[in-house]
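Topology and contacts: notes
Read off the chains here:
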Amino acid sequence: MTVTRPARLTGAALCAALALIAAVWILQDLAALGSPADLAWYWAGDHHFLLRGRSTTSLIDPVLLAAYAAVVVAALRSRHAASALAAAGAVTLALRLPGLWAPGSGALVTALLELALAAGLVLTAAVGRRPTAAPYEREPGRPRTGPAIAAGILLALGALFVALWELYWAGELPLEVTVDRFTGGRSVVKPALAPPPGWLSAIAVGLYGTAAVSCLVRARHARAFGLLAAVLLAAGGLGGVARAVRYETLVRLGDLTTPDAAYVLTSAFELLAGVTVLVLLAGRGAPVTAPGPYPAAGARPPAPPYPPPPGW
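Here's a quick rundown of the structure. Position numbers for residues count from 1 along each chain, tracking the sequence in the order it is written. A pLDDT threshold of at least 70 governs which residues receive local features in this predicted model, and a stricter bar of 80 or more applies before side-chain atom pairs are shown or counted, although totals over entire chains, interfaces and linings include all residues. Only heavy atoms go into the side-chain values, all of them from the structure, while hydrogens and water stay out.

The next point concerns the nonpolar core. Within soluble globular proteins, side chains that are nonpolar generally end up buried alongside one another. We call a set of buried residues a nonpolar core when its members are Ala, Val, Leu, Ile, Met, Phe, Trp, Tyr or Cys and they connect through side-chain atoms within 4.5 Å of each other. Exposure classes here rest on a 1.4 Å probe applied to the protein chains alone. A residue is buried below 20% of its type maximum, exposed above 50%, and partly exposed in between. Counting residues in hydrophobic clusters, the biggest one holds 51 residues, and the most contacted among them are Leu85, Leu121, Leu155, Tyr208 and Val277. In this description a helix means any DSSP run of H or I spanning at least four residues, a strand means any run of E spanning at least two, and both kinds are numbered starting from the N terminus. Counting only elements with at least two residues in this core, the list comes to α1 (5-33), α3 (60-77), α4 (81-96), α5 (105-127), α6 (145-172), α8 (197-216), α9 (222-246) and α10 (258-282). Looking at this core, the element that brings in the most residues is α9, giving nine residues.

And the structure:
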């Protein structure tokens, strides 16, 4: 299956609109902070400096911005366009849904607009599919066995670690706070557009798990979902490692409590695993036999049409 040209153009336009929304909010936060470095540290989780006004974006926003830009290119040029559009749309729907009950009209309007665009992406990916017919068209390829299995294992471990941390916090925090981590209640302080931390963990577990299974069975959509999961995994790990470097906890693991040391090590694993999965899935896939006029090796080509068309 491939994607029609109108569907490619529509998907690229929808992703460009989503990228524009993310860029506008990021620029607003940059204007409020006045320094790209301060904004980057804020995304990494360092909130020990004053903001002129409430922050709107989180680490999710630059990740989605990069993903949308990549999907625009994939929608126009890649044979994996359908799965790329579907992955971007599904993840956006999941991450932006809590914005419907977030405080503030700006967050609500943004959530409504992004949810509508994301639903359009999923619909475009589903409706715009068609069988490959021309000789020069090729089916979306499957990832190679070795890299796919390795990527699947790393993504499965990432899902496991995120789930274990949520179970740990559920046991350490009061029930009301645990519920707020998933619903965005009053006890949770977060940027306006950011999903609640527990909700984000649940989405990450679902995305990493889905991508891991897709890689292990070498599905045709494994690359799109795997790359998106890898970006999110690496970004989360980068934020944790950056905080560890900033506060010099990375070199003082022996002096930390067991949970703190485990968190630093988990962040390092997420960063390395995410980058590794990106490298594994970005490589050349398994060979695909392109449909064409020669169905079998050694078969004779068909006779030219008569009368021959212009330019034959």
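The structure having been displayed, the exposition proceeds.
A word on the packing of α1 against α4. It is the contact of α1 with α4, at a shortest axis distance of 11 Å, that shows an interaxial angle of 35°. Here the hand of the crossing between α1 and α4 comes out left-handed. Residues Ala7, Arg8, Gly11, Cys15 and Leu18 of α1 form the contact with α4, whose participating residues are Ala81, Leu85 and Thr92. Here the term charged refers only to Asp, Glu, Lys and Arg, the term nonpolar to Ala, Val, Leu, Ile, Met, Phe, Trp, Tyr, Cys and Pro, and the term polar to all other amino acids, Gly among them. The class makeup of the residues in the contact of α1 with α4 is five nonpolar, two polar and one charged. Axes here mean lines fitted to C-alpha atoms, for a helix over just the part in contact, with angles spanning 0 to 180 degrees between N-to-C directions. In this scheme the crossing of two helices becomes right-handed for a clockwise turn of the near helix relative to the far one and left-handed for an anticlockwise turn of less than a right angle. Should any heavy atoms of two residues lie within 4.5 Å, those residues are considered in contact.

This paragraph deals with the environment of alanine 148. Tracing the backbone through its elements, the reader meets alanine 148 in helix α6. Residue classification places alanine 148 among the buried residues on the basis of a relative accessible area of 0%. Sequence spacing of alanine 148 and cysteine 215 is 67 residues, and the spatial spacing of their C-alpha atoms is 4.9 Å. Setting aside its immediate chain neighbours within four residues, alanine 148 contacts Pro143, Cys215, Leu216 and Arg218.

The next thing to look at is α5. Compared with an ideal rise of 1.5 Å per residue, which puts 23 residues at 33 Å, α5 spans 33 Å between its outermost C-alpha atoms and is within 8% of the ideal. At its buried positions, α5 is contacted by α1, α4 and β2 (129-130). To estimate the expected span of a helix, subtract one from its residue number and multiply by 1.5 Å.

In this section: the pattern of salt bridges. The term salt bridge refers to a side-chain nitrogen of Lys or Arg lying within 4 Å of a carboxyl oxygen of Asp or Glu. Evaluated as defined, the whole model comprises three salt bridges. With a closest N to O distance of 2.5 Å, glutamate 166 and arginine 181 form a salt bridge. In this pair, glutamate 166 sits in helix α6 while arginine 181 sits in helix α7 (residues 175-183), placing the two residues 15 residues apart along the sequence.

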